Amino acid sequence: MARDRLGWASRWAKAAAVLLLAGALAGCTGESEEQPAPQPRREAVRLDYWTPFSGGDNQFMTEMVERFNKEQSEIMVVQTNSRLDDYYTRLRTAILSGNAPDIAIIHTTSMPQFVQNGYIEEVTAAAEQIGLDLNQLNSNIRESTEYNGQSYAVPLDTHALVMYYNKQHLRRAGVLDEATGKPRIEPGEEGFRQFLEQIREAVPADVTPMAMPSTRIDSVWLWWSLYNQMDEGGIFYNEQGKAAFNNPQGLQALSYIHGLYKDGLIGPNINDSFKLFYDGKAAVLFLGMWGTGAFEKSPEVELGVVTVPVLYDRPAQWGDSHSLAIPKKHNMTDEKRRAAMIFSKWMVENGELWAQAGHVPSMTKVVESEAFHQLEYRNDYAAAADHVVYWPRHPKQWSMIEILITEFERMIYDKQTPEETLMQAQLKVDVALEE
């Protein structure tokens, strides 16, 4: 009997152990179904991003990239910044050699050559796939990146020519409206000239009424702005594709600028107009919007900014746009393409951060947002986005602009008249078009 009881107890213990083990296994299986083991975390998609910024622009762009990377973990943007002087040469070389970045900044002025040569992707469908409605962008800015009804980049901004002024100097000259903080300028060519002459009479001798370099592109920007303000103005090429800017309107605008140099209303031999204004040694400066972020920090400037004054028939000012484009790559994956568009969408939707550098964001709702309105000065020239006049869409346009720069410099240094300047520039542009 004892032996039987021991045998039964032994068999019961074994059975219980089996039941306990089965229950434990069942419990583990059930837990696995309810809480799957976590999958290994996917590596972030790396985007190589090329930019051509300098000074304050680069600082603001870097801060935006860092913020994007911090706010999410799916995409890692790695920015490489280069000097604008050789940026496009490096970018074209990288595309042709198969080493292009995944996304790059391209100015609207430079875009025609990239579109014509098939160097960048069309992005209309890619934008739709990630929920970016390009119609929410300012139409004037958006259309600058459209070819044959398709978008080839996501425009980030417009950076137009504006007029900066030091309120201290204008106040001394009696040409500042204290109620609005705006300059008092009578209409037309003569009105703006009188404005500068009153400043010259009132400010110290070491302060120039208006600052503009004797070299570089600045005078060309102003000429293009004033030329486009005129009825029947703004023509660069005719229907046959030849240069056509040597005309009465083009000459009137250039002669007016030449007169400002010749009469000393623009100081002579200015090399760095940016520094001159920043140091309080200029009352007025025409420069792109990108100067705002720096000038508002100057201890020597009580800053004011307005759009280019209308001297002729309608508002117009030179401008360009920084656009986010996807270079053509043999190994461009759908994953990277999607990541590039997600990054582009984030950039335009957070345009108030880029506006801190001075630019006008491309997305309309950003310009209308409280965050943008809280930025001082930007609202004073935001309307310029609607009146920006871009350079013509020509693959060689940068080369044509360089011809204008050279000829304008000769005029500024009294080597030729405005008439000779436009004649020589038009002849040289026509020769360059045939090369």
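Please read these numbers as outputs of a predicted model, since none were measured by experiment.

> Explain the overall build of the protein to me, using residue names and the numbers behind them.
Along the backbone of the protein there are 19 helices and 16 strands. Each of the three principal axes of the protein carries a C-alpha extent, and together these read 130 × 55 × 30 Å. Across the 435 residues that make up the protein, the buried fraction comes to 51%. Once local pairs closer than 6 in sequence are excluded, the contacts in the protein between residues at least 24 apart make up 74%. Surface summary for the protein: the accessible area is close to 20700 Å², and the carbon and sulfur share equals 50%. The distance from the centre of the 40 positive side-chain charges to the centre of the 59 negative ones in the protein is 9 Å.

> Give a description of the nonpolar core that names residues and reports values.
Core analysis: the largest hydrophobic core is formed by 86 residues, its most contacted members being I199, M210, W223, F245, V284 and F286. At 8 residues, helix α18 (residues 397–412) tops the list of elements feeding residues into this core. Residues lining this core come from more than one domain, with at least three contributed by each of domain 1 (45–159 + 320–389) and domain 2 (160–319 + 392–434). Apart from residues no more than four positions distant in its own chain, F286 is found in contact with L161, V162, M163, F192, M210, A211, M212, D218, L222, V308 and P309. Of all hydrophobic cores here, the second largest spans 55 residues; its members include Y88, A104, I120 and F343.

> Describe the packing of helix α9 (residues 218–228) against helix α10 (residues 248–262), with residues and values.
Two elements in contact, α9 and α10, have axes whose closest approach is 9 Å; the angle formed by their N-to-C orientations is 135°. Taken as axis vectors, α9 and α10 run oblique relative to one another. Here α9 runs over α10; the crossing is right-handed. Between α9, through S219, L222, W223, L226 and Y227, and α10, the contact on the second element is made entirely by Q249, G250, A253, L254, Y256, I257 and Y261. Split by residue class, the contact of α9 with α10 holds 9 nonpolar, 3 polar and no charged.

> Please give an account of the confidence of the model for the protein that cites residues and values.
Fine structural detail should not be taken from predicted coordinates in areas where pLDDT scores are low. Summing up the model confidence of the protein, the mean pLDDT is 90 and the portion of residues at 70 or higher is 90%. Scored below 50 in pLDDT, residues 1–41 shows 1 contact in the model against residues more than four places distant or in partner chains.

> How would you summarise the pairing of strand β13 (residues 317–320) if you had to cite specific residues and measurements?
Burial along β13 is two-sided: the residues Q317 and G319 and W318 and D320 are all buried. Pairing analysis gives 2 bridges linking strand β7 (residues 157–166) to β13, with the strands arranged antiparallel. What sits directly across from A160, in β13, is G319. In terms of strand pairing, β13 meets strand β16 (residues 388–389) through 2 bridges, oriented parallel. Paired with W318 across the bridge in β16 is V389.

> How would you sum up unusual backbone geometry? Please name residues and give values.
Trans peptide bonds make up most of the peptide bonds, and negative phi angles are found at most residues other than glycine. Within the chain, E232 stands out as a residue other than glycine whose phi angle is a positive 65°. Structurally, E232 can be placed in the loop between α9 and α10. For D414, which is not glycine, the phi dihedral falls at a positive 60°. Take D414: it is sitting in the loop between α18 and α19 (418–434). With relative accessibility at 58%, the residue D414 sits in the exposed group.

> Please give an account of α10 that cites residues and values.
The end-to-end C-alpha distance of α10, which contains 15 residues, comes to 20 Å, matching closely the 21 Å that a straight helix rising 1.5 Å per residue would cover. Those residues of α10 that sit buried are Q249, G250, A253, L254, Y256, I257, H258, G259, L260 and Y261. Looking at the buried side of α10, the elements it contacts are α8 (188–202), β10 (208–211), α9, α18 and α19. Where α10 begins, the side chain of N247 points an oxygen toward the backbone nitrogen of Q249, at a separation of 3.1 Å. Immediately beyond the C-terminal end of α10, within one or two residues, lies G264, with a positive phi of roughly 75°.

> Before we move on, can you summarise the packing of aromatic side chains with the specific residues and values?
The geometry of an aromatic ring pair is captured by the separation of the ring centres together with the interplanar angle, meaning the angle of the planes. This model, assessed by the stated rule, comprises 27 aromatic pairs. Arranged with centres 5.2 Å apart and planes meeting at 75°, the rings of Y49 and F343 form a pair that is edge-to-face. Highlighted residues: Y49 in strand β1 (residues 45–51) and F343 in helix α13 (residues 334–349), separated in sequence by 294 residues. Through a chain of ring-to-ring contacts, three or more aromatic side chains come together here, namely W223, W224, Y227, F236, Y237, F245, W391 and F408. Stacked on the ring of W50, the Lys or Arg R90 has its end atom at 4.8 Å from the ring centre. A cation sits over an aromatic face here: R393 above Y147, 4.0 Å from the ring centre.

> An account of the packing of α18 against α19 is requested, with residue identities and associated values reported.
Relative orientation of the contacting elements α18 and α19 amounts to 155°, with a least axis distance of 9 Å. Here α18 is positioned roughly antiparallel relative to α19, judged by the angle of their axes. For the element pair α18 and α19, the recorded crossing hand is right-handed. Where α18 approaches α19, its residues M400, I403, L404, E407, F408 and M411 are matched on the opposing element by P418, T421, Q424, A425, K428, V429, A432 and L433. A per-class count over the contact of α18 with α19 returns 10 nonpolar, 2 polar and 2 charged.

> Explain α13 residue by residue, including any values.
The terminal C-alpha atoms of α13 lie 22 Å apart, and with 16 residues this matches the ideal 22 Å at 1.5 Å per residue to within 8%. For α13, the complete set of buried residues consists of A339, A340, M341, F343, S344, W346, M347 and V348.

> Kindly report on the environment of W391, identifying the contributing residues and their values.
In this structure, W391 sits in the loop between β16 and α18. In this structure, the C-alpha to C-alpha distance between W391 and G181, residues 210 residues apart in sequence, is 32 Å.

Calculation notes
Within any chain, residue numbers begin from 1 and follow the written order of that chain's sequence. Local features in a predicted model are, by the rule used here, given only for residues with pLDDT of at least 70; side-chain atom pairs are given and counted only at 80 or more, and totals for whole chains, interfaces and linings are based on all residues. Each side-chain value is worked out from all heavy atoms of the structure, with water and hydrogens disregarded. Here a strand is any run of E in DSSP of at least two residues, a helix any run of H or I of at least four, and the numbering for each starts at the N terminus. A simple rule labels every residue: compare its accessible area, found with a 1.4 Å probe on the protein chains alone, to the largest value its type can have, and call it buried under 20%, exposed over 50%, or partly exposed in between. Whether two residues touch is decided by their heavy atoms; if any such pair falls within 4.5 Å, the residues are in contact. A 1.4 Å probe and the Shrake-Rupley method give the accessible areas. Residues count as covered only by the protein chains that appear here. A residue counts as positive if it is Lys or Arg and as negative if it is Asp or Glu; His and the chain ends are not included. Charged side chains are reduced to one point each, which is NZ for Lys, CZ for Arg, CG for Asp and CD for Glu. The definition of a nonpolar core used throughout is a set of buried Ala, Val, Leu, Ile, Met, Phe, Trp, Tyr and Cys residues joined through side-chain atoms within 4.5 Å. Boundary definitions for the domains trace back to an automatic or database domain assignment. Axis geometry follows a simple rule: fit a line to the C-alpha atoms, using only the stretch in contact for helices, then measure angles between N-to-C directions, giving values from 0 to 180 degrees. Just so you know how the angles are binned, under 35 degrees is roughly parallel, over 145 roughly antiparallel, 65 to 115 roughly perpendicular, and the rest oblique. For any pair of crossing helices, the crossing counts as left-handed if the nearer helix is rotated counterclockwise from the farther one by less than a right angle, and right-handed if it is rotated clockwise. Classification used: nonpolar for Ala, Val, Leu, Ile, Met, Phe, Trp, Tyr, Cys and Pro, charged for Asp, Glu, Lys and Arg, polar for all others including Gly. Looking at any residue, its pLDDT shows the predictor's confidence there, from 0 to 100. One requirement defines pairing of two strands: DSSP has to find at least two bridges between them. Helix span is expected to be 1.5 Å times the residue number reduced by one. Whenever a nitrogen or oxygen atom comes within 3.5 Å of another N or O atom, the pair is scored as a polar contact, on the condition that within protein one atom can donate a hydrogen and the other can accept it, and that pairs from neighbouring residues in sequence are kept only if both atoms are in side chains. Two aromatic rings, drawn from Phe, Tyr or Trp (for Trp, its six-membered ring), form a pair once their centres lie within 6.5 Å of each other, and the interplanar angle then sorts them: stacked below 30 degrees, edge-to-face above 60, tilted otherwise. The rule for a charge over a ring is simple: NZ of Lys or CZ of Arg within 6 Å of the ring centre, and within 35 degrees of the ring normal.

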